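# Chain and residue survey
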Amino acid sequence: MQTTAAVARQPHGDFTLETVEIEAPREGEVRVRIAGVGLCHTDLIFRDQFVPYPLPAVLGHEGAGVIEALGPGVEGLAVGDAVVLGFSSCGHCARCDEHLPSYCREFTPLNYAGMRLEDGSKAYSKDGEAISSHFFGQSSFAAQAIVRARNVVKVEDSAAPLSILGPLGCGFQTGAGGVMRSMACHAGSSIVIVGGGPVGLAAVMGARIRGCATIILVEPVEKRRDLGRELGATHMVDPMAGDVTAAVREIVADGVDYALDTSGRVEMMEAVLAALTPRGMLGLVGVPGKAEAALTVNIAGMITYGQRVVGIMEGDSDPQRFIPELIAAHRNGQFPFDRLVQTFPLTDINEAIEAQKRGDCVKVVLIP
C-alpha cells in the first residue's frame, strides 16, 4: 500500500513529504496508523549524521496511533488497539531480563541500523529505491509505520488525546525516568536540572512526583523558566547571568544531592558537577554537539567526595511499565505534559523544526 512520509535525503537538508510504498507487517510486526509523532533532537542528529545512518530514511521515534494490521506470530495485540510506540530491545538478554531494555545488548543494531536485522530489508520504498525504516523500531514520521510488536505499549484510560502521547515513548520518559528511575531521587532531596526543554521540564515534573524539596532549573529562556516554576521548580537560574555553580550554591550552600544535564553542553555539566554535595550524583542525558566531546573531572576530588556520574539512556525505563505510570500520573494531575505540546501538520515539519529551534514552542508533535 502507499502512505505519506517525511523523508530525510541529505544531512542538514529539509525533510521532503513523499508518497512511498509501505510493506505489510512481517513476523513479529504490526502496522500502526500514526495519530501523532513527537519531533525530537535525536531525529535531527541522525539526519545530520552525528551518528552514521543510511539515507534516505524515514525517521521519527515518538509515535502513537492505532494498530491496523498484525503480522504473523503477534500475540496480545489486536487491530484497533490504541498504542504508544517505544524503542526496540531484544527481550532476552541480561539487561532486558532486569527490566532495563534501554541497555539491551542489541540496542544499537535494533534501533540504529535502518533495516530489519534478519534479512536487511526495509519497510519503505519509492520507485524501486529502498528507504531506511525501523528507526528506534518504528520510523513514525509517516501516516503509517511498520513497528516491532515488542515496541508497542497499549494505552488505556488516558486523559490526553492519543495524538500527543508519542513523546512518552522517548523524551518525556527520558526526563522523568532520569529522576524517578535512574537516579531515584529521594523525598526531601535537592536537584538541579539543566535545560528547560521537553526532557528537562519532564524531569522537573518527575522531581516533584518524587518529593524533591529543592528543584533548581537552569534555563536561559525566561518563558521556559516561568513554565518550569509552574510545573514544580522552586528556584530558577539564568546561565547567561553569571556563574552557575555559584548561583546553585547560593540556593543550597552545601551543594545539591542530584544534578541532571539535558543540554549536552560540557561547560554546564562541569558547572553542576562542581555544585554537588558529597555523594551527589550527576546524570547525563543531553547529547553533545560533537561525538568526541568529553567531560573533565578531578579524579582525586571525585574519590574524596564520593561523587558519581552516570550516563542515562531512555530514563532507565521499561516502557511497558513506565509509560502507563506516566499516563496515570497525568490523569491524576501530577504530570501535565500536555502543557508542553504544540501540534503541527506533518506537512509543516520543516517549519516546526525552526519553531522549536527558536524556542517558540517546547515540544512539537506532528499530525499526519
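All values derive from a computational prediction rather than experimental measurement.

## Re the overall build of the protein chain
- A count of helices and strands for the protein chain gives eleven helices and 18 strands.
- Here the C-alpha atoms of the protein chain give a radius of gyration of 20 Å, agreeing with the 21 Å that 2.2 N^0.38 yields for 368 residues.
- Dimensions of the protein chain, computed from the C-alpha atoms along their principal axes, are close to 60 × 40 × 40 Å.
- Taken over 368 residues, the protein chain has a buried fraction of 57%.
- One way to put it: in the protein chain the 31 positive side-chain charges average out to a point 2 Å from where the 43 negative ones average out.

## Some remarks on the packing of aromatic side chains
- This structure, assessed with the given rule, holds twelve aromatic pairs.
- A ring pair is formed by Phe107 and Phe136, whose centres lie 6.3 Å apart and whose planes are at 85 degrees; its orientation type is edge-to-face. You can see Phe107 sitting in helix α3 (residues 107-112) and its partner Phe136 sitting in the loop between β8 (129-131) and β9 (144-148), a full 29 residues away along the chain. Comparing Phe107 with Phe136 shows no difference in burial state: the two are buried.
- With a centroid separation of 5.6 Å and an interplanar angle of 65 degrees, the aromatic rings of Tyr112 and Phe136 are classed as edge-to-face. Separated by 24 residues along the polypeptide, Tyr112 in helix α3 and Phe136 in the loop between β8 and β9 bring together distant segments of the chain.

## A closer look at the nonpolar core
- Among the nonpolar cores identified, the biggest contains 53 residues, and Phe15, Val30, Phe141 and Leu366 are the most heavily contacted of them.
- Ile193, Ile323, Phe335 and Leu340 belong to the second largest nonpolar core, which has 45 residues in total.

## A word on the side chain of Glu219
- When you line up the elements, Glu219 lands in the loop between β12 (214-218) and α6 (222-231).
- Buried and without a salt bridge, Glu219 has Arg224 as its closest oppositely charged side chain, separated by 5.0 Å.
- What Glu219 contacts, discounting residues up to four positions off in sequence, is Gly195, Gly196, Gly197, Arg224, Arg225, Val237, Asp238 and Pro239.

## With respect to the UniProt feature "domain: Enoyl reductase (ER)" (unreviewed entry) in the protein chain
- Feature annotation in UniProt assigns "domain: Enoyl reductase (ER)" (unreviewed entry) to the following positions: residues 13-366.
- Here residues 13-366 runs as 28% helix and 24% strand, with 18 Å between its end C-alpha atoms.

## Topic: the pattern of salt bridges
- Under the counting rule described, the total for this entry stands at 19 salt bridges.
- Measuring nitrogen to oxygen at the nearest pair gives 3.4 Å for the salt bridge that ties Arg105 to Glu106.
- For Arg105, a relative accessible area of 56% puts it in the exposed group.
- A residue is classified by how much of its surface remains accessible, and Glu106, at 28% relative accessible area, is partly exposed.
- Linking Arg225 and Asp238 is a salt bridge whose minimum nitrogen-to-oxygen distance equals 3.8 Å. Here Asp238 lies in the loop between β13 (235-237) and α7 (244-251) and Arg225 lies in helix α6, a separation of 13 residues in the sequence.
- Arg225 sits in the buried class, given a relative accessible area of 14%.
- A cluster of three or more residues bridged by salt bridges with shared partners is formed by Glu23, Arg26, Glu29, Arg116 and Asp119.

## Some words on the pairing of strand β3 (residues 29-38)
- Across the ten residues that make up β3, a large majority, eight, are buried.
- As defined by bridge partners, β3 adjoins β9 across five bridges and the pair is classed as antiparallel. Residue pairing in the sheet places Val30 in a bridge with Val147 of β9.
- As defined by bridge partners, β3 adjoins strand β5 (residues 63-70) across seven bridges and the pair is classed as antiparallel. In the sheet register, Arg31 faces β5, and the bridge partner there is Ala69.
- In the sheet, β3 pairs with strand β18 (residues 363-367) via two bridges, with the strands oriented antiparallel. When the sheet's bridge partners are listed, Val37 is paired in β18 with Leu366.

## Comments concerning the sheet that holds strand β11 (residues 190-194)
- Read across the sheet, six strands follow the order β13-β12-β11-β14-β15-β16 without closing on themselves; strand pairing throughout is parallel. In this open sheet, the two strands that pair with only one neighbour each are β13 and β16 (308-311). On average, each strand axis in the sheet is tilted by 20 degrees relative to the strand beside it, whichever way the strands run.
- One ladder, built from five bridges, connects strand β14 (residues 256-261) with strand β15 (residues 276-284); its direction is parallel.

## Section: the packing of helix α5 (residues 198-210) against α6
- Put simply, α5 and α6 touch, their axes get as near as 9 Å, and they point 20 degrees apart. Between α5 and α6, the angle is such that the two are roughly parallel. Here α5 and α6 pass one another in a crossing that is right-handed. Only Arg224, Leu227, Gly228, Glu230 and Leu231 of α6 make contact with α5, whose side of the interface consists of Leu201, Val204, Met205 and Arg208.
- Partitioning the contact of α5 with α6 into residue classes produces five nonpolar, one polar and three charged.

Rules used throughout
Residues numbered from 1 in each chain as written. Predicted model: local features only at pLDDT ≥ 70, side-chain atom pairs only at ≥ 80, totals over all residues. Heavy atoms only, no water. Helix = DSSP H or I, 4+ residues; strand = E, 2+ residues; numbered from the N terminus. Rg over C-alpha atoms; globule rule 2.2 N^0.38 Å. Buried < 20%, exposed > 50% of the residue type's maximum accessible area, 1.4 Å probe, protein only. Lys, Arg positive; Asp, Glu negative; His and termini not counted. Charge placed at Lys NZ, Arg CZ, Asp CG, Glu CD. Phe/Tyr/Trp six-rings, centres within 6.5 Å; stacked < 30°, edge-to-face > 60°. Core = buried A, V, L, I, M, F, W, Y, C linked by side-chain atoms within 4.5 Å. Salt bridge = Lys/Arg side-chain N within 4 Å of Asp/Glu carboxyl O. Contact = heavy atoms within 4.5 Å. UniProt positions renumbered as here; feature names shortened; annotations may be inferred. Pairing = 2+ DSSP bridges. Axes fitted to C-alpha atoms, helices over the stretch in contact; angles between N-to-C directions. Parallel < 35°, antiparallel > 145°, perpendicular 65-115°, else oblique. Left-handed = near helix turned anticlockwise from the far one by under 90°. Nonpolar A, V, L, I, M, F, W, Y, C, P; charged D, E, K, R; others polar.

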